[in-house]
Amino acid sequence: MSTDAAVVGAGLAGLACALRLEEAGLSTVVLEASDAAGGRVRTDAVDGFLLDRGFQVLLTAYPEAQRVFDYERLDLRELYPGALVHAGGRFHRLADPFRRPFDALASARSPVAALADLPRLARLRARARAGTLESVFARRETTALEALRSLGLSPRVVERFFRPFLGGVFLDRELSTSSRMLDFVTRMFSLGYAALPARGMGALPEQLAEALPAGSLRLGEAVAAVESGAVRTAAGERIAARAVIVAADGSAAARLLPAVEEPRWRSTACLYFDAPEPPVEGPILVLDGGGEGPVNNLCVPSSVAPGYAPAGRALVCASVIGSPVLSDGELEAAVRAQLRGWFGAVVDGWRHLRTYRIEHALPAREPPSLEPRDRTVRLGPGLFVCGDHRESASIQGALVSGRRAARAVVEELAR
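Here we summarise the structure given alongside this text.

Cut-offs used in this document
Counting restarts for each chain, with residues numbered from 1 along the sequence as it is written. In view of the model being predicted, local features appear only for residues whose pLDDT reaches at least 70, and side-chain atom pairs are presented and counted only at 80 or more, with totals across whole chains, interfaces and linings using the full set of residues. The basis for every side-chain value is the complete set of heavy atoms in the structure, and neither hydrogens nor water enter the calculation. Think of a salt bridge as a Lys or Arg side-chain nitrogen and an Asp or Glu carboxyl oxygen that are within 4 Å of each other. For the purposes of this entry, the term helix denotes a DSSP run of H or I that reaches at least four residues, the term strand denotes a run of E that reaches at least two, and both are numbered from the N terminus. Each residue is placed in one exposure class: buried if its accessible area under a 1.4 Å probe, protein chains only, is under 20% of its type's maximum, exposed if it is over 50%, and partly exposed if it falls in between. Any pair of Phe, Tyr and Trp rings, taking the six-membered ring for Trp, is counted once the centres come within 6.5 Å. Such a pair is stacked with planes under 30 degrees apart, edge-to-face with planes over 60 apart, and tilted for the rest. We treat two strands as partners when DSSP finds at least two bridges between them. Where helices are involved, their axes are fitted lines through C-alpha atoms of the stretch in contact, as for all axes, and angles between N-to-C directions lie from 0 to 180°. For this analysis, residues touch if any pair of their heavy atoms sits within 4.5 Å. Working definition: roughly parallel below 35 degrees, roughly antiparallel above 145 degrees, roughly perpendicular at 65 to 115 degrees, and oblique for all remaining angles. Crossing chirality is assigned from the near helix's rotation relative to the far helix, an anticlockwise turn below a right angle marking it left-handed and a clockwise turn marking it right-handed. In the scheme used here, Gly and all other residues not listed as nonpolar or charged are polar, with Ala, Val, Leu, Ile, Met, Phe, Trp, Tyr, Cys and Pro taken as nonpolar and Asp, Glu, Lys and Arg as charged. We call a set of buried Ala, Val, Leu, Ile, Met, Phe, Trp, Tyr and Cys residues a nonpolar core when their side-chain atoms join them within 4.5 Å. A helix is expected to span 1.5 Å multiplied by its residue count minus one.

### Some remarks on the pattern of salt bridges
Taken as a whole, this structure holds 27 salt bridges when the rule is applied. Close ionic contact of Glu391 with Arg404 constitutes a salt bridge, the shortest N to O distance being 2.5 Å. In this pair, Glu391 sits in the loop between β20 (383-385) and α14 (395-414) while Arg404 sits in helix α14, placing the two residues 13 residues apart along the sequence. For the pair Glu391 and Arg404, one class covers both residues: buried. Each member of the salt-bridge network shares a partner with another, and the members are Arg20, Glu64, Arg67 and Arg403.

Quick look at the structure:
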């Protein structure tokens with residue numbers, strides 16, 4: 001078999017790249033080792049529930065997502081712009097002061113934030129929104145924690161809100177992630193909303209895959225080796241291609257391409273429960289502001305998008321940062337113990353649906369991991385790489401990387 005381009009991996013980066021190549025008139029085959037497209041963005045149907053593989057959201061302000069996806073078809077449902085923070089044995093609502101100003105005034109009187117934090121939060125927001133998105137990733141770099149402290153934010157809002165909130169975003173409760181990522185996500189949250197597609201996060205790759213020509217996406221096709229001009233599958237098939245693009249995750253890409261450095265990964269565990277009713281009211285994120293653990297954040301996806309659960313039931317999603325050493329049974333017991341302290345004995349009646357352990361959830365983005373800013377996507381004649389490990393560790397980064405690789409392929413083949 002021969003084709004213009006062979007894309008290895010049908011995650012968001014690979015799918016975005018393949019679509020761009022097809023739009024440019026190039027014949028393309030996408031080889032995916034698993035049984036469905038999506039990579040780390042997958043949704044499983046279990047007993048009438050929709051379980052995303054790890055708690056994820058789409059930030060609607062991502063510029064590349066706006067270009068690539070049909071938001072109307074995704075039927076996006078927004079989360080409340082703020083959070084419910086558990087601290088001192090009680091829940092406290094902390095609202096985005098620019099989206100929910102009246103709620104935010106009440107927040108300022110809580111033990112989570114101080115009134116003096118409001119103007120400092122405004123400075124953080126203004127800094128994040130200043131300049132172009134490209135300029136955000138060119139700024140002087142420190143850690144997210146150092147950047148927050150430099151703004152003069154109160155220790156209590158840093159510890160009780162930002163540590164669990166950004167810890168959940170970066171899978172890094174220490175907040176050692178780059179300050180550029182802090183500005184990036186702050187910008188995205190301020191310009192749009194966190195949302196879930198009505199039919200789960202897996203609807204994102206499904207929409208892209210559906211746009212590919214019939215037969216171009218080949219599932220269950222593991223790739224054993226790549227070279228300039230060809231791909232060899234684990235089954236022994238050799239596919240000749242004028243361009244080969246490795247769009248697998250960073251570890252798989254490093255195995256196939258010696259020139260690619262394997263990223264350090266952030267891990268997470270995610271536990272899903274079937275409950276008779278939501279433990280909190282509304283589509284709001286719940287944060288562990290007291291550092292009790294193991295649960296860092298909790299969400300009821302069915303309160304955001306009702307299709308996540310059968311009628312009359314609620315889907316509860318509890319997220320743990322890192323790679324717990326506990327067995328699945330021990331982890332479930334520890335999670336239930338913590339949530340029992342939050343919601344009472346009702347937690348004992350929740351039915352455990354599934355536990356996901358995602359070792360390779362996000363590439364770590366500690367300084368100076370975002371340097372160089374524009375990592376080359378071309379590794380040699382006819383050989384390219386893309387993925388969120390080449391950009392910001394985000395849906396935006398994956399999509400941008402796919403576009404950049406496709407552009408480089410088109411330019412090379414045109415020569």
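From this point, the narrative continues.
### Some points on the packing of aromatic side chains
To describe a pair of aromatic rings, one takes the distance between the centres and the angle between the planes. Scanning the model with the defined rule gives 11 aromatic pairs in all. With a centroid separation of 5.9 Å and 85 degrees between ring planes, the pair formed by Phe91 and Trp342 is classed as edge-to-face. Of the two residues, Phe91 is situated in strand β8 (residues 90-95) and Trp342 in helix α13 (residues 328-343); the sequence distance between them amounts to 251 residues. On the accessibility criterion, Phe91 (25% relative accessible area) is partly exposed. Judged by its relative accessible area of 8%, Trp342 falls in the buried class. Geometrically, the ring pair formed by Phe137 and Phe184 is tilted, given 5.3 Å between the ring centres and 50 degrees between the ring planes. Pair noted here: Phe137 is in the loop between α6 (133-136) and α7 (144-150) and Phe184 is in helix α9 (residues 179-191), with a separation of 47 residues, a long-range link.

### Thoughts on the sheet that holds strand β17 (residues 314-321)
Reading across the sheet, the seven strands line up as β8-β7-β15-β16-β17-β14-β18 and stay open at both edges, with mixed pairing between neighbours. If you trace the sheet from one side to the other, it starts and ends with β8 and β18 (351-363), each paired once. Neighbour-to-neighbour, the strand axes of the sheet open up by a mean angle of 25 degrees, direction not taken into account. Inspection of the sheet shows strand β7 (residues 82-87) paired to strand β15 (residues 285-288) by four bridges, in the parallel sense. Across the sheet, residue Leu84 finds its bridge partner in β15, namely Val286. Against the sheet, helix α8 (residues 155-170) touches β7, β8, β14 (265-275), β15, β16 (295-299), β17 and β18, its axis set at about 115 degrees to β15.

### Remarks on the packing of helix α1 (residues 12-23) against helix α10 (residues 203-210)
One way to put it is that α1 packs onto α10 with a least axis distance of 9 Å and a crossing angle of 25 degrees. Between α1 and α10, the angle falls in the class roughly parallel. Note on packing geometry: the crossing formed by α1 with α10 is left-handed. When α1 is examined against α10, the residues Leu12, Leu15, Ala16 and Leu19 are found in contact with a partner set consisting of Leu204, Pro205, Leu208 and Ala209. Of the residues contributing to the contact of α1 with α10, the split by class is eight nonpolar, no polar and no charged.

### Notes on the sheet that holds strand β9 (residues 194-197)
Sheet strands line up and pair through hydrogen bonds in the backbone, either parallel or antiparallel. The strand order across the open sheet formed by three strands is β5-β9-β6, and the pairing between neighbours is antiparallel. Two strands in the sheet have a free side with no partner beyond their single neighbour: β5 (58-59) and β6 (76-78). Looking at chain direction, β5 and β9 are connected through two bridges and run antiparallel. Paired with Leu58 across the strands is Ala195, a residue of β9.

### Some words on the side chain of Asp183
The residue Asp183 is located in helix α9 in this model. Its relative accessible area of 4% is what places Asp183 among the buried residues. With sequence-adjacent residues up to four places away left out, Asp183 is seen in contact with Leu124, Arg127, Ala128, Val136 and Arg139.

### Some thoughts on the nonpolar core
Counting 99 residues, the largest nonpolar core has Phe161 and Ile245 as the members making the most contacts within it. Setting aside residues no more than four positions away along its own chain, Phe161 makes contact with Ala83, Val85, Leu94, Val112, Arg156 and Leu287. One finds Ala95, Phe273, Ala275 and Ile284 within the second-largest nonpolar core, a separate group that totals 24 residues.

### Digging into α1
In this model α1 runs 16 Å from its N-terminal to its C-terminal C-alpha over 12 residues, within 8% of the 16 Å that 1.5 Å per residue would give. The element α1 is largely enclosed, with a buried count of nine among its 12 residues. Residues of α1 that are buried include every one of Leu12, Ala13, Gly14, Leu15, Ala16, Cys17, Ala18, Leu19 and Leu21, and no others. Those residues of α1 that are buried are in contact with β1 (2-8), β2 (28-32), α10, β13 (238-246) and α14. Phi turns positive, to about 90 degrees, at Gly25, one or two residues after α1.

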